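# Structural characterization, general
Spelled out, the chains give:
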Amino acid sequence: MKKIRKQYINKARTVEKKIANEKWNKLREIIRESGISIKIDTEYEMWLNVAPNSTAEIELYPHRLLNGEFVHIMIWSYQFKSEILANKYRGSDRNQRDVSGIPEALQCINRILEDIRFDIKSGKI
């Protein structure tokens, strides 16, 4: 019985790495076009401002895993006032996420933005 040789597996890894890099660059391009406030935009990281008068930020960086995930998304410098939202993001595994698709990454960013903006608004009431 034949097996797939290691050279072909390595070739597939190279292709996956190239695809992940292309997806990372396309994600950054789409975010720039969207008009979201960007604090830092480099080849290796992107920081998004969440709301005016808030220190909250969303960090994105390329994160190439073998299961297809290409970007790591994480919330920084925000403490939720709402207990429900605090519980939703409590713990290091909930305030960060690795995603495999560009639409999924954009939806994840939107969810974070909506939750923080809702929390800020409801805290002023």
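Here the structure is a predicted model, which is why all the values come from computation and not from measurement. (Residues numbered from 1 in each chain as written. Predicted model: local features only at pLDDT ≥ 70, side-chain atom pairs only at ≥ 80, totals over all residues. Heavy atoms only, no water.)

## Some thoughts on the side chain of E57
Mapped onto the fold, E57 is located in strand 3 (residues 57–62). With sequence-adjacent residues up to four places away left out, E57 is seen in contact with K39, W47, L48, N49, V50, M74, I75 and W76. (Helix = DSSP H or I, 4+ residues; strand = E, 2+ residues; numbered from the N terminus. Contact = heavy atoms within 4.5 Å.)

## Comments concerning the pattern of salt bridges
Scanning the entire structure with this criterion turns up five salt bridges. For the salt bridge of E29 with K26, the shortest nitrogen-to-oxygen distance reads 3.2 Å. In this pair, E29 and K26 both sit in helix 1 (residues 6–34), three residues apart, roughly one turn of the helix. Residue K88 is joined to D115 by a salt bridge in which the shortest nitrogen-to-oxygen separation is 2.7 Å. (Salt bridge = Lys/Arg side-chain N within 4 Å of Asp/Glu carboxyl O.)

## Quick look at helix 1
Count 3.6 residues to each turn of an α-helix, and residues three or four apart come out pointing the same way. Over its 29 residues, helix 1 runs 42 Å from end to end, which matches the ideal 42 Å to within 8%, given 1.5 Å per residue. Backbone geometry just downstream of helix 1 places G35 in the positive-phi region, at approximately 90°. (Expected span 1.5 Å × (residues − 1).)

## Things to note about unusual backbone geometry
The backbone phi angle of S77 is positive, close to 60°, even though this residue is not glycine. Residue placement: S77 occurs in the loop between strand 4 (71–76) and helix 2 (83–89). Accessibility expressed as a relative area gives 46% for S77, which makes it partly exposed. (Buried < 20%, exposed > 50% of the residue type's maximum accessible area, 1.4 Å probe, protein only.)

Keep in mind these values describe shape, not function.
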